[in-house]
Amino acid sequence: MLSDNKDGCCSTHLIDGDGGFNVAGVDNFMKEVKLAECGLSYAVVSIMGPQSSGKSTLLNHLFRTNFREMDAYKGRSQTTKGIWMARCVGIEPCTIVMDLEGTDGRERGEDDTAFEKQSALFALAVSDIVLINMWCHDIGREQAANKPLLKTVFQVMMRLFSPRKTTLMFVIRDKTRTPLENLEPVLREDIQKIWDSVPKPQAHKETPLSEFFNVEVVALSSYEEKEEQFNEQVANLRQRFFHSIAPGGLAGDRRGVVPASGFSFSAQQIWKVIKENKDLDLPAHKVMVATVRCEEIANEKYASFTTNEEWCQLEEAVHSHSVRGFGRKLSSILDTCLSEYDAEATFFEEGVRSSKRKQLEEKLLQLVQPAYQSMLGHIRSDTFERFKEAFDKALKGGKGFALAARECTESFISRFDEECTDAIIDQAKWDSSRVRDKLRRDVDAHIAEVCSAKLAEVTSLYETKLNEALAGPVEALLDGASDDTWPAIRKLLQRETDTAVSGFAAALSGFEMDVESRENMVLRLKDYARGVVEAKTKEEAGRVLIRMKDRFSTLFSHDQDSMPRIWTGKEDIRAITKTARSASLKLLSVMAAVRLDDEGDNIDKTLSLALVDGKAGASSARSITSVDPLASSTWNEVPPSKTLITPVQCKSLWRQFQTETEYVVSQAIAAQEASKRNNNWLPPPWAIAAMVILGFNEFMTLLRNPLYLGVIFVAYLLFKALWVQLDISGEFRNGVLPGVLSLSTKLLPTVMNLLRKLAEEGQGVASGETQRNPAVASKSFRGSSSTNDNGDVSTSATSEVTSENGTEYSSSSLHDKMQ
């Protein structure tokens, strides 16, 4: 319940007559007077005294409050019930005054002492200054009303563990003519007696009164009889409450003062403990109040931080990208939050305040840590991406791999450290070394990956060069197999390997590899070169039979000038065959094993003795060795790893080679014999001699009768015409029987054709045709040639001759033409 706010005193019922604490009213009172903003710059004054002793009147005049006063015309009665609270108007610092219910009232009866002790203990616990209102005429009396009040004050004082030093100001009301100098010693003596008579704990048996209280004594004239003088004295007393918390002031002892923001909670808890009739441990209570209030302040600041617009924007931004000045901005927000906590909690117990501040700081740091980690993650990823770009650019620029890797790594690790420094939060001692180590691992892994790729690229480049430089020439050398093939291959391998190794070593120099690694890579390149030769040799060995047949065909079918052979019958086929097969065997011996180490072997000799030399040689070899030299799976002096074709395989290949080349040889022999037959058309010499001797008489008869000679000549011409027309030599190329059968079917049509031509010529002459000159007759004879269905030229001849001269010319022309 809050009374009229006249003049800003805001009087409030703190504790009602039934002992109920007005929490809502106190909270509202604190908001109205802005007590929470005062910190420790406030003082609490309370007043005790018998009922109807003018306490409220004194407070209203002294502090300009508006407490309800007793109506003197209605008689003495209870005016103040419970405890009221108000702000002193016009006094700095902020001063709160509590008006306690009067003691020794008839309204409470038996419960008076219980509430009296509770309210007194409450006033001592929360007040800096306690005014004890007493009548002047009670001083020096043994049973005066102030004696029970003082006993109550001193007794409850013992229930305060380690209480602070409180100012007890005795206000003597309705002062008589007796000077204050005479009244004060008597009052102090009475107070000391009461102190000595009050039971005290063992720890305070000998503790003097001055250890607990500063005793002040003031006297005021009667308000009713000497109001003007009363007001003047109250005005003077009011001045003493200005700056009361300054050193030496009325409330100068600030030990155990609860900060203003915790006053409501502290007062509520103190009253709760008092109501439960427990001893009040003020230090523990102070810690408890500080704990609750500091925690409330911390929670408020934490909630305020979570809704801080600047922090929310920063948190949202850092989740998507790095923020420049992140550490500075976040440190500023955190510092503001913690500074606000310090400002509000500065007056609470230091240990509790520091503990709660530390907890608040830890909660805030725990809240912002994900954002900080996100920031570090962005810095790491951005730095790593920039590193990869710079590293790739440096390599493309021709910089050595190791130098580029070293410079880029140092540069971007340094940049990472700088950006992490920019992201550092002042309030946190977080270490970015783990993220830095991860960045370093990523960088090293990328360098290793690129290094492997670059080394593989360089290796592949030189392997490709070696493959191009060796594969083709090796194939050509193997194709032209001879005794110098393998020495030439070894020389080629050495030359190309040295060239490649020189360039390869120069390319590796930029990687700054250790000697052992570099030598291993060079050795692998050399092994690759040998592998190319061995693989090519193995590949050619797989086609050795084809190569042998091609070589045999080339040598057998072409002469020394590489011209195709024509088998005329003069060639030595046996010698040609042996030469071609020897060359093919040389190819087989060359490809039988890999000979890159210049180690001698007897493969060529063994194959020659076993396969090419005649039966006598083979028999001689077998008689010497007693076994077949090719009946083995290995060659002497040749390790199995270098063997491409075993002796057994060589023997099998040679047998197959001979089988597949025999047909070519037999064809050559047949062609040679056919050529001989075609070219040998004359009879044997003995037959010619016999014909001359036996036909001498017939020859002489022909000489004596020229007509026979003409008939023979004409018969020759007709036979020659039939020979050409029937193509007798061509018909017999495919054999005698096919030739005879073909001629038997063509003979009669050809003869009929010749007779028809002759008949046509005879009819032309009989019809009186103009006599042809010799040239025309010759043309007519030659023009009578025609082509038959087989493409052969047929010649027509006339059987009727009109003149001797014409007949002789035509015969000569026909003879010349046939020749």
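Residues numbered from 1 in each chain as written. Predicted model: local features only at pLDDT ≥ 70, side-chain atom pairs only at ≥ 80, totals over all residues. Heavy atoms only, no water.

Draft legend 1. Examining the overall build of the protein chain more closely. In terms of helices and strands, the protein chain carries 27 helices and 11 strands. Among the 819 residues that make up the protein chain, the fraction classed as buried is 42%. Sequence separation of at least 24 residues holds for 73% of the intrachain contacts in the protein chain that already meet a minimum separation of 6. (Helix = DSSP H or I, 4+ residues; strand = E, 2+ residues; numbered from the N terminus. Buried < 20%, exposed > 50% of the residue type's maximum accessible area, 1.4 Å probe, protein only. Contact = heavy atoms within 4.5 Å.)

Draft legend 2. Structural context of a nonpolar patch on the surface. On the surface, Ile 688, Val 692, Ile 693 and Leu 694 cluster together to form a nonpolar patch covering roughly 430 Å² of accessible area. Relative to the elements of secondary structure, Val 692 occurs in helix H21 (residues 685–694). Val 692 gets classed as exposed once you look at its relative accessible area, which sits at 54%. (Patch = residues over 30% accessible without salt bridge, like charges linked within 9 Å, V, L, I, M, F, W, Y side chains within 5 Å. Areas by Shrake-Rupley, 256 points an atom, 1.4 Å probe, with all protein chains shown as cover. Salt bridge = Lys/Arg side-chain N within 4 Å of Asp/Glu carboxyl O.)

Draft legend 3. Local environment of the packing of helix H13 (residues 433–479) against helix H15 (residues 515–542). Interhelical geometry of H13 versus H15 gives an angle of 35° and a closest axis separation of 9 Å. Crossing angle aside, the handedness with which H13 passes H15 is right-handed. For the pair H13 and H15, contact is made by Leu 455, Thr 459, Tyr 462, Glu 463, Leu 466, Asn 467, Leu 470, Ala 471, Val 474, Glu 475 and Leu 478 and by Met 521, Leu 525, Tyr 528, Ala 529, Val 532, Val 533, Lys 536, Thr 537 and Glu 540, respectively. The residue makeup of the contact of H13 with H15, split by class, is 13 nonpolar, three polar and four charged. (Axes fitted to C-alpha atoms, helices over the stretch in contact; angles between N-to-C directions. Left-handed = near helix turned anticlockwise from the far one by under 90°. Nonpolar A, V, L, I, M, F, W, Y, C, P; charged D, E, K, R; others polar.)

Draft legend 4. Just helix H1 (residues 23–33), in detail. If you check which residues of H1 are buried, you get Gly 25, Val 26, Phe 29, Met 30 and Val 33. Down the axis of H1, the buried set is contained in an arc of 135°. They therefore lie on one face. Exposed positions of H1 whose direction lies more than 90 degrees from the buried face are Ala 24 and Lys 31. Taken together, the buried residues of H1 touch strand E1 (12–15), strand E3 (83–87), strand E4 (94–100) and helix H7 (263–275). One side-chain oxygen of the residue at the start of H1 lies 3.0 Å from the amide nitrogen of Gly 25, identifying that residue as Asn 22. (Arc of directions from axis to C-beta. Polar contact = N/O pair within 3.5 Å; in protein donor to acceptor, adjacent residues only side chain to side chain.)

Draft legend 5. Fine view of the nonpolar core. In terms of nonpolar packing, the biggest core is built from 171 residues, with Phe 122, Phe 154 and Phe 213 touching the most fellow members. Per element, the largest residue contribution to this core is 15 residues, and it comes from helix H11 (residues 350–396). Judged by nonpolar contacts, the second largest core, of 27 residues, contains Leu 58, Ala 86, Val 89 and Phe 241. (Core = buried A, V, L, I, M, F, W, Y, C linked by side-chain atoms within 4.5 Å.)

Draft legend 6. A look at the environment of Thr 554. By the secondary structure assignment, Thr 554 is in helix H16 (residues 544–557). When the C-alpha atoms of Thr 554 and Pro 564 are compared, they prove to be 9.0 Å apart, with 10 residues separating the residues in sequence.

Draft legend 7. Up close: the packing of aromatic side chains. As enumerated under the stated definition, the model contains 16 aromatic pairs in all. Arranged with centres 5.1 Å apart and planes meeting at 65°, the rings of Tyr 223 and Phe 230 form a pair that is edge-to-face. Residue classification places Tyr 223 among the partly exposed residues on the basis of a relative accessible area of 25%. Residues Tyr 372 and Trp 430 carry aromatic rings whose centres are separated by 5.0 Å and whose planes lie at 40° to one another, so their mutual orientation is tilted. Here Tyr 372, found in helix H11, pairs with Trp 430, found in the loop between helix H12 (401–423) and H13; they are 58 residues apart in sequence, far enough to count as distant. Overall, the relative accessible area of 2% leaves Tyr 372 in the buried class. Using a relative accessible area of 26% as the deciding quantity, one classes Trp 430 as partly exposed. (Phe/Tyr/Trp six-rings, centres within 6.5 Å; stacked < 30°, edge-to-face > 60°.)

Draft legend 8. Quick peek at the confidence of the model for the protein chain. Per-residue confidence for the protein chain averages 80 on the pLDDT scale, and 85% of its residues sit at or above 70. This model gives residues 71–77 a pLDDT under 50, and the stretch forms 11 contacts once residues within four places in sequence are excluded. For the stretch residues 614–625, pLDDT sits under 50, and the model shows three contacts to residues farther than four places along the chain or on other chains. (pLDDT = per-residue confidence, 0-100.)

Draft legend 9. Summary view of the pattern of salt bridges. What the rule picks out here adds up to 32 salt bridges. Note that Lys 536 and Glu 475 form a salt bridge whose closest N and O atoms lie 3.3 Å from each other. Here the residue Lys 536 occupies a position in helix H15, and Glu 475 occupies one in helix H13, the gap between them amounting to 61 residues. A relative accessible area of 13% means that Lys 536 is categorised as buried. Connected through salt bridges with shared partners, the residues Glu 475, Asp 479, Lys 536, Glu 539, Glu 540, Arg 543 and Arg 547 form a single ionic network.

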